[in-house]
Amino acid sequence: MSLAKRRPIRMPKLLSAADGEACTVCGCQDGTVVFCHLNESWAGKGMSQKADDCAGFFGCRRCHDFYDRRSNGPIRLTDGVILRACYRTVRRLIEKGVLR
């Protein structure tokens, strides 16, 4: 028995909604905010595959680098901090009409 390959959820409108937004981790609005995908297998992350587009948060370049461990910094991104950022992102997406 073979397992069917999992198809990731992709939502371009959700990703582009990060343009001009504030970081949901630190609050800065420096023009570098993008949609940051979670790094968890339960969210669809796999070898050479990003998590689903519905699993993540709006993050500035600095917070994104901290989250992906590309750099160290003063912000400690605990699970609670990331959960709060995800909530703030979903709430903002609903306010913008991207999600219903």
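Residues numbered from 1 in each chain as written. Predicted model: local features only at pLDDT ≥ 70, side-chain atom pairs only at ≥ 80, totals over all residues. Heavy atoms only, no water.

So, the packing of aromatic side chains
Link 1 in the chain: Tallying each qualifying case throughout the model produces two aromatic pairs.
Link 2 in the chain: When the centroid spacing of 5.4 Å and the interplanar angle of 85 degrees are considered together, the rings of Phe57 and Tyr67 count as edge-to-face. A residue pair is termed long-range when its members are at least 10 positions apart, and Phe57 in strand β2 (residues 56-59) and Tyr67 in helix α2 (residues 61-67) qualify at ten residues.
Link 3 in the chain: Look at Phe57 and you get buried, because its relative accessible area is 0%. (Phe/Tyr/Trp six-rings, centres within 6.5 Å; stacked < 30°, edge-to-face > 60°. Helix = DSSP H or I, 4+ residues; strand = E, 2+ residues; numbered from the N terminus. Buried < 20%, exposed > 50% of the residue type's maximum accessible area, 1.4 Å probe, protein only.)

Focus on the pattern of salt bridges
Link 1 in the chain: Per the stated rule, a full pass over the model turns up seven salt bridges.
Link 2 in the chain: Here Arg10 makes a salt bridge to Asp53, at a shortest N to O gap of 3.1 Å. Separated by 43 residues along the polypeptide, Arg10 in the segment before α1 (12-16) and Asp53 in the loop between β1 (34-37) and β2 bring together distant segments of the chain.
Link 3 in the chain: With a shortest N-O distance of 3.0 Å, Arg92 and Glu21 are connected by a salt bridge. Of this pair, Arg92 sits in helix α3 (residues 79-95) while Glu21 sits in the loop between α1 and β1; the two residues are 71 residues apart in sequence, bridging distant segments of the chain.
Link 4 in the chain: Residues participating in the shared-partner salt-bridge network are Glu21, Arg91, Arg92, Glu95 and Lys96. (Salt bridge = Lys/Arg side-chain N within 4 Å of Asp/Glu carboxyl O.)

Structural notes on the nonpolar core
The nonpolar side chains of soluble globular proteins are, as a tendency, buried together.
Link 1 in the chain: The biggest cluster of nonpolar side chains holds 22 residues, and the ones touching the most others in it are Cys23, Val25, Val33, Leu38, Phe57, Phe58 and Ile82.
Link 2 in the chain: Every element with two or more residues in this core is listed here: β1, β2, α2 and α3.
Link 3 in the chain: A total of five residues in this core trace back to one element, the largest contributor, which is α3.
Link 4 in the chain: Beyond its immediate sequence surroundings of up to four residues, Val33 is in contact with Ala18, Glu21, Ala22, Cys23, Cys28, Phe58, Gly59 and Cys60. (Core = buried A, V, L, I, M, F, W, Y, C linked by side-chain atoms within 4.5 Å. Contact = heavy atoms within 4.5 Å.)

Here's the deal with the environment of Phe66
Link 1 in the chain: When you line up the elements, Phe66 lands in helix α2.
Link 2 in the chain: Taking the relative accessible area as the measure of exposure, Phe66 reaches 11% and is therefore buried.
Link 3 in the chain: Sequence separation between Phe66 and Leu93 is 27 residues; the distance between their C-alpha atoms is 23 Å.

Examining the side chain of His64
Link 1 in the chain: Inspection of the secondary structure puts His64 in helix α2.
Link 2 in the chain: You can call His64 buried: its relative accessible area is 16%.
Link 3 in the chain: Not counting residues within four places of it along the chain, the set of residues in contact with His64 comprises Val34, Cys36 and Arg70.

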